[in-house]
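Listed here are the chains, written in short residue letters.
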Amino acid sequence: PSDPKQDGTYSRIMERFFTSDRVELLKDIPPHVVKKAWFTMSHALLNPGAVVLDAGCNSGEMTYAMAVLYPGFEFIGLDINATVIADISKKFSRPNLRFQVGNIYTDLQENSYDLIINSFFLHEVYSASFYNDRLILAALEKQYKALKKHGALIIRDYLNPPPGEYVLIEFTDKVPSGATFET
């Protein structure tokens with residue numbers, strides 16, 4: 001099969017959905033990343049000027065794509081790796097985008113973000129911590145406290161339970177007190 005980027009298919013598809021200036025800005029971003037960025041943000045109901053944190057932004061591609069697609073929001077890509085942040089800060093630039101070195105356990109200011117995105121990030125924390133559930137809970141608690149009132153948390157990750165098992169996620173219908181992640 002031919003490469004959609006080489007044969008022009010990618011540009012034609014992108015031009016159906018996005019303005020030409022955005023297509024140009026996204027030309028070097030893999031199509032699956034653009035789709036992931038669009039799909040993730042399509043679930044966020046945010047007011048203009050909202051502050052969005054991409055926790056564990058890694059390559060910065062998705063953070064950049066979101067900033068291009070949604071210029072009315074401020075995007076912050078956070079990663080613990082200073083070398084990665086230095087590299088992607090040079091590579092990606094938009095008026096509504098910045099990257100910063102940070103640790104999700106110590107560097108999130110309370111009441112600072114309208115949306116926090118964990119996109120294929122929490123499983124990395126879990127694996128690197130030798131499968132420590134408490135560190136995931138601590139990360140989510142820190143993120144919950146970093147959200148502004150009425151803020152949202154999006155978790156995009158994968159999970160593959162063994163055959164015959166399933167994952168049940170329940171959300172409380174109680175109004176949260178804000179004291180902990182569970183309440």
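Cut-offs and rules
- Residues numbered from 1 in each chain as written.
- Predicted model: local features only at pLDDT ≥ 70, side-chain atom pairs only at ≥ 80, totals over all residues.
- Heavy atoms only, no water.
- Helix = DSSP H or I, 4+ residues; strand = E, 2+ residues; numbered from the N terminus.
- Buried < 20%, exposed > 50% of the residue type's maximum accessible area, 1.4 Å probe, protein only.
- Contact = heavy atoms within 4.5 Å.
- Areas by Shrake-Rupley, 256 points an atom, 1.4 Å probe, with all protein chains shown as cover.
- Lys, Arg positive; Asp, Glu negative; His and termini not counted.
- Salt bridge = Lys/Arg side-chain N within 4 Å of Asp/Glu carboxyl O.
- Core = buried A, V, L, I, M, F, W, Y, C linked by side-chain atoms within 4.5 Å.
- Pairing = 2+ DSSP bridges.
- Axes fitted to C-alpha atoms, helices over the stretch in contact; angles between N-to-C directions.

Visitor: Just checking my understanding: could you explain the overall build of the protein for this structure?
Guide: Across its full length, the protein holds eight helices and five strands. Counted from the first residue to the last, the protein has its helices and strands arranged as α-α-α-α-β-α-β-α-β-β-α-α-β. Across the 183 residues of the protein, 37% fall into the buried class. Residue pairs at least 24 apart in sequence account for 67% of intrachain contacts in the protein once pairs closer than 6 positions are excluded. Summed over its atoms, the accessible surface of the protein is roughly 11,700 Å², and 55% of this surface lies on carbon and sulfur atoms.

Visitor: What is the right way to read the side chain of Asp 54 from this model?
Guide: Relative to the helices and strands, Asp 54 is located in strand β1 (residues 51–55). Buried charge without a partner: Asp 54 forms no salt bridge, and the closest opposite charge is Lys 36, 7.7 Å away. Not counting chain neighbours up to four residues away, the residues in contact with Asp 54 comprise Thr 63, Met 66, Ile 76, Gly 77, Leu 78 and Ile 117.

Visitor: For this particular structure, what's the right way to read the nonpolar core?
Guide: Most often, soluble globular proteins have nonpolar side chains that are buried together. Ranked by size, the top nonpolar core spans 32 residues in total, and within it Leu 26, Met 41 and Phe 75 carry the most contacts. Among the elements of the structure, α4 (31–42), α5 (61–69), α6 (82–91), β3 (97–101) and β4 (113–119) are those that each provide at least two residues to this core. If you tally residues by element for this core, the top one is α5, at seven residues. Contacts of Phe 75, omitting those with residues within four sequence positions, involve Met 41, Val 52, Thr 63, Met 66, Ala 67, Tyr 70, Asn 96, Leu 97 and Arg 98.

Visitor: Explain the sheet that holds β1 here, please?
Guide: Strand pairing in a sheet relies on backbone hydrogen bonds. The paired strands run either parallel or antiparallel. Pairing is parallel across the open sheet formed by five strands, whose spatial order is β3-β2-β1-β4-β5. What marks the edges here is a single partner per strand, and that holds for β3 and β5 (147–156). Within the sheet, the average angular offset between the axes of one strand and its neighbour, ignoring direction, is 20 degrees. Where strand β2 (residues 74–79) meets β3, five bridges bridge the pair, whose relative direction is parallel. Note on β3: the bridge partner recorded for Ile 76 is Arg 98. Seen against the sheet, helix α8 (residues 133–146) touches β1, β4 and β5 and runs at an angle of roughly 140 degrees to β5.

Visitor: Help me out: how do you make sense of the side chain of Thr 63 in this one?
Guide: Mapping Thr 63 onto the fold places it in helix α5. Assessed through its relative accessible area of 0%, Thr 63 is described here as buried. Among residues more than four places away in sequence, those in contact with Thr 63 are Asp 54, Cys 57, Phe 75, Ile 76, Gly 77, Leu 97 and Phe 99.

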